[in-house]
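Listed below, chain by chain, are the residues.
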Amino acid sequence: MSVRIAVLREAASGESRVAATPETVRKLIALGATLAVERDAGMAAGISDEDYAQAGAIPGARDQILAGADIVLAVQAPEAATLAGVAPGAWVVGAFDPFRRGEAVAAYAAGGLEALAMDWMPRITRAQSMDILSSQSNLAGYKAVLEAANAYGRAFPMMMTAAGTIPAARAFVMGVGVAGLQAIATARRLGAQVSATDVRSATREQIQSLGAKPIFVEGVAGIEGEGAGGYAGETSDAYRAAQAELVAGHIAKQDIVITTALIPGRPAPRLVTDGQVATMRPGSVIVDLAVEAGGNVEGAVAGEIVQRHGVTIIGHRNMAGRLAPDASALFARNLYNFLAAFWDKDAGRPVLDEEIGDAIRLTRGGQVVNPRLGS
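Just so it is clear, the structure is predicted and the values come from calculations on it, not from any experiment. Starting from 1, residues in each chain are numbered consecutively following that chain's sequence as written. Only residues with pLDDT of at least 70 get local features here, since the model is predicted, and only at 80 or more are side-chain atom pairs given and counted; chain-wide, interface and lining totals rely on the full set of residues. Each side-chain value is worked out from all heavy atoms of the structure, with water and hydrogens disregarded.

Colleague: Looking at this structure, how should I read unusual backbone geometry?
Modeller: Across the chain, the bulk of peptide bonds are trans and the bulk of non-glycine residues have phi less than zero. The phi torsion at Asp40 lies on the positive side, around 65°, for a residue other than glycine. Here a helix means four or more residues in a row that DSSP labels H or I, a strand means two or more in a row labelled E, and each is numbered from the N terminus. Looking at the element boundaries, Asp40 is found in the loop between strand E2 (34–38) and helix H2 (49–55). Note on classification: 1.4 Å probe, protein chains only; a residue is buried when its accessible area is under 20% of the maximum for its type, exposed when over 50%, partly exposed between these limits. Asp40 gets classed as partly exposed once you look at its relative accessible area, which sits at 40%. At Asp97, a position not held by glycine, the phi torsion is positive, near 50°. Along the chain, the position of Asp97 falls in the loop between strand E5 (91–95) and helix H4 (102–110).

Colleague: Would you explain the environment of Ala44 in this entry?
Modeller: Summarising the element assignment, Ala44 is placed in the loop between E2 and H2. The spacing of Ala44 and Pro325 is 281 residues in sequence and 8.1 Å in space, taken between C-alpha atoms. Residues count as neighbours in contact if any of their non-hydrogen atoms are within 4.5 Å of one another. Residues contacting Ala44, with those up to four places away along its chain left out, are Ser16 and Ala324.

Colleague: Quick question: what am I supposed to make of the sheet that holds strand E11 (residues 213–214) here?
Modeller: Backbone-to-backbone hydrogen bonds pair the strands of a sheet. The strands run either parallel or antiparallel. Across the sheet, 7 strands lie side by side as E11-E10-E9-E12-E13-E15-E14; this open sheet has mixed pairing. Two strands in the sheet have a free side with no partner beyond their single neighbour: E11 and strand E14 (305–308). Each pair of strands is called paired provided DSSP finds at least two bridges between the two strands.

Colleague: Would you take a moment to explain the pattern of salt bridges for this structure?
Modeller: One side chain can pair with another of opposite charge once the charged atoms of both are near each other. Salt bridges are counted wherever a side-chain nitrogen of Lys or Arg sits within 4 Å of a carboxyl oxygen of Asp or Glu. If you walk through the whole model with that rule in mind, you get 19 salt bridges. Close ionic contact of Asp198 with Arg200 constitutes a salt bridge, the shortest N to O distance being 2.9 Å. An identical accessibility class is assigned to Asp198 and Arg200; each is buried. Between Arg308 and Asp274 there is a salt bridge, with its nearest N and O atoms 2.8 Å apart. Note that Arg308 is positioned in strand E14 and Asp274 in helix H9 (residues 274–279), a separation of 34 residues in sequence.

Colleague: Could you clarify how one ought to interpret the packing of aromatic side chains in this entry?
Modeller: Two descriptors summarise a pair of aromatic rings, namely the distance from one centre to the other and the angle between the planes of the rings. Here is the rule: rings of Phe, Tyr and Trp (six-membered ring for Trp) pair when centre to centre is within 6.5 Å. Planes less than 30 degrees apart are stacked, more than 60 are edge-to-face, and the remainder are tilted. Counting across every chain of the model gives 4 aromatic pairs. Plain terms: the ring middles of Phe99 and Trp120 are 4.9 Å apart, the flat faces sit at 55° to each other, and that makes the pair tilted. Within this pair, whereas Phe99 is found in the loop between E5 and H4, its partner Trp120 is found in the loop between strand E6 (114–117) and helix H5 (132–152), the two being separated by 21 residues in sequence. Relative to Phe156, the ring of Tyr152 lies with its centre 6.1 Å away and its plane at 80°, an arrangement referred to as edge-to-face. Each of the two residues, Tyr152 as well as Phe156, counts as buried. Criterion for a charge above a ring: Lys NZ or Arg CZ within 6 Å of the ring centre, and within 35 degrees of the ring normal. Against the face of Trp120 rests Arg372, its NZ or CZ located 3.9 Å from the ring centre.

Colleague: Looking at this model, I keep getting lost on the nonpolar core. Mind explaining?
Modeller: Grouped burial of nonpolar side chains is what soluble globular proteins tend to show. Within the largest apolar cluster, 40 residues are counted, with the highest numbers of intra-cluster contacts made by Leu73, Val93 and Phe338. Elements with a minimum of two residues in this core: strand E1 (4–7), helix H1 (22–31), E2, H2, strand E4 (71–76), E5, helix H10 (324–341) and helix H11 (354–360). Once you skip the residues sitting within four places of it in the chain, Val93 turns out to touch Ile71, Val72, Leu73, Ala74, Leu116, Met118, Leu335 and Phe338. Put simply, buried Ala, Val, Leu, Ile, Met, Phe, Trp, Tyr and Cys residues joined by side-chain atoms within 4.5 Å make one nonpolar core. Membership of the second largest hydrophobic core comes to 27 residues, among which are Ala148, Ala169, Val173 and Ile184.

Remember that the coordinates give geometry; whether it matters functionally is a separate question.
Printed below as a string of structure tokens:
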């Protein structure tokens, strides 16, 4: 009997993405799976039920597609209580945000479900094609610049006309991970004069390779190389003080600021204070991509666009979801790549190894089993 995979319509407010596309449905069926997709699951991403049906999936109501499901695919993992009818020990594959959703993870354990957090995929070479954080951050960095350009109300590139010259916008990217690098590249393509900073000294060359100016604290050690899992970690008090002084002088001259800094399991670091916002000229724009984790910018509000000291601060949730068709396509490929990499033909389903399985498995056999959650 083939493994049954259910694809859910997202229930989270404002979530427009979907965890499978007709492309990945066809590929999963080719592996030997049966696909059932909740009705209207892909509508917000431009995918109709007919598109799924033509790809070989069975559209249906939620209770119908969950009945006997061995694997449930979602973008944002739903509450365990909404998954009645799945097979005992069913996998739920998606983004869990485990540190902030401890009660939800415990409910998965209590329900006998196996929760697999794709947002905890280890950042190793063989898992790159499964990394939802990288694929979605890439789009978020791109979209952040477009949102800033739209709110800015002035031209990005330098324009020389018979009536005079319009100077290029000055954009400053804080945090040079996947989102930050894409933000740099996008702002450069739009013609802005771009600078960037990060606590990781290894990013200096990456910034320069994209044609931007690196802004780094000199004389005080930051973080050499990469932090754990490719993320930055905590820095010293001396470094933070030196960085604040450097940023204060630089940010006052900027038209656009994009902040992207995150530390797994902790609130986002504060990079821009209200006093620094006040030094920017009226009409400037800040986009805080870390707003859902507490925010890099003082005064940023999750899900809102606010004005402070004449500066627009954009705090959109789920920035990648504002490009739903592309974000869904990449997310769905990440999930397919994950399942396909571990597909066991004899078992007729994926079988995880220890390196990746232990990293992303949150619950199993009625217990919370991931050591990062203190179990």
